[in-house]
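Residue-level structural notes
Single-letter residue listing:
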Amino acid sequence: MNKIKDTTTEFEILNAAKRIFQHKGMAGARMQEIADEAGINKAMLHYYYRSKQLLFEAVFKKAFSMLAPQLNEILNSDLSICEKIRDFSNNYISFVIKHPYLPNFIIQELNRSPEFIQKLLAEKHFPNIEKFRKQVDNKIAEGIIRPIKAEQLFINIMALNIFPFIGAPLLKGLTNVDDKTYKKLMIERKTEVADFIINSIKLT
């Protein structure tokens, strides 16, 4: 076997793995079907990624490396708080619709291995809310928004954007909608979440 890893092959493996993980999740995916999807044999797949966990982490990191810089740029931009809330919700939901495995993977890894958060914190563009925190405090002092801790506001933003993806099976059952309708609801949430949060904090 060639000891030099080919970037094209690795690219195909990651794309194949993403498709399988999206369809079957971490637990249901099998290395053999990922190899079949990538058009290689299982031995070749194991040469690139020794375990399903390592492959899943590689798929995750690739996706996270595309999302994190977007969110970090929004939080540290010169946009108003309302604009940040709108852009954050729109970008996050748009991204997760394309990568639905991402929120569940993060929760799964944090439950399985609490130190996983250290891997995320080590990422170059991990979102930093310091500028957002100061901006919230300033707008409260100016009487623009009601008093609220920036951390609480950020948790509200994250929770309202993330839970509908993590809790999708439960919410589909409770609302009695099919996959197509639920996806439409998620698209609508790009603005629904932002409107709800902004209306909850605005004083003027």
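Given the structure is predicted, the values throughout are model-derived calculations rather than measurements.

Things to note about the pattern of salt bridges
As enumerated under the stated definition, the model contains eight salt bridges in all. Across the pair R86 and D195 runs a salt bridge, and its minimum N-O distance is 2.7 Å. Taken together, the residues span a long stretch of sequence, with R86 in helix α5 (residues 81-98) and D195 in helix α11 (residues 179-201) at a distance of 109 residues. Where R133 meets E130, a salt bridge forms, and the shortest distance between an N and an O atom there is 2.4 Å. On the criterion of helical spacing, the pair formed by R133 and E130 is a turn pair, its members being three residues apart in helix α8 (residues 130-141). According to the relative accessible area criterion, R133 is partly exposed, its value standing at 23%.

Focus: the nonpolar core
Residues F21, L55 and F132 are the most contacted members of the largest nonpolar core, which totals 61 residues. Among residues more than four places away in sequence, those in contact with L55 are I13, L14, A17, F21, M31, I34, L45 and Y49.

Regarding the side chain of Q53
Mapped onto the fold, Q53 is located in helix α4 (residues 52-75). Relative accessible area serves as the criterion here: at 19%, Q53 is assigned to the buried category.

Side note on the packing of α4 against helix α6 (residues 101-112)
Relative orientation of the contacting elements α4 and α6 amounts to 125°, with a least axis distance of 11 Å. Relative to α6, the element α4 lies oblique. Note that α4 runs across α6; the crossing there is left-handed. Facing α4, whose interface residues are Q53, F56, E57, V59, F60, A63 and L67, α6 presents Y101, L102, F105, I106, E109 and R112. Considered class by class, the residues forming the contact of α4 with α6 number nine nonpolar, one polar and three charged.

Details of the side chain of N161
Within the secondary structure, N161 sits in helix α9 (residues 150-166). Within the local environment of N161, its side chain forms a polar contact with the side chain of S89, the two groups lying 3.2 Å apart. Setting aside chain neighbours within four positions, we find N161 in contact with F88, S89, Y92, I93 and V193.

Remarks on the environment of F64
Tracing the backbone shows F64 in helix α4. Classification of F64 by relative accessible area gives buried; the value is 8%. Once the C-alpha coordinates of F64 and L102 are considered, the two residues, 38 residues apart in sequence, prove to be 8.0 Å apart. If sequence neighbours within four positions are ignored, F64 has contacts with P69, L120, E123 and F126.

Structural notes on the packing of aromatic side chains
By the definition in use, this model includes six aromatic pairs. Ring centres of F64 and F126 lie 6.2 Å apart, and the angle between their planes is 35°; this geometry places the pair in the tilted category. Pair noted here: F64 is in helix α4 and F126 is in the loop between α7 (116-121) and α8, with a separation of 62 residues, a long-range link. Judged by its relative accessible area of 26%, F126 is partly exposed. Taken together, the ring pairs connect F60, F64 and F126 into an aromatic cluster.

Focus: the environment of L110
Secondary-structure assignment places L110 in helix α6. Among all residues touching L110, those that are not within four sequence positions of it are F116 and I117.

Each value, and the rule that gives it
Residues numbered from 1 in each chain as written. Predicted model: local features only at pLDDT ≥ 70, side-chain atom pairs only at ≥ 80, totals over all residues. Heavy atoms only, no water. Salt bridge = Lys/Arg side-chain N within 4 Å of Asp/Glu carboxyl O. Helix = DSSP H or I, 4+ residues; strand = E, 2+ residues; numbered from the N terminus. Buried < 20%, exposed > 50% of the residue type's maximum accessible area, 1.4 Å probe, protein only. Core = buried A, V, L, I, M, F, W, Y, C linked by side-chain atoms within 4.5 Å. Contact = heavy atoms within 4.5 Å. Axes fitted to C-alpha atoms, helices over the stretch in contact; angles between N-to-C directions. Parallel < 35°, antiparallel > 145°, perpendicular 65-115°, else oblique. Left-handed = near helix turned anticlockwise from the far one by under 90°. Nonpolar A, V, L, I, M, F, W, Y, C, P; charged D, E, K, R; others polar. Polar contact = N/O pair within 3.5 Å; in protein donor to acceptor, adjacent residues only side chain to side chain. Phe/Tyr/Trp six-rings, centres within 6.5 Å; stacked < 30°, edge-to-face > 60°.

Don't take any of this as a statement about function, it's just geometry.
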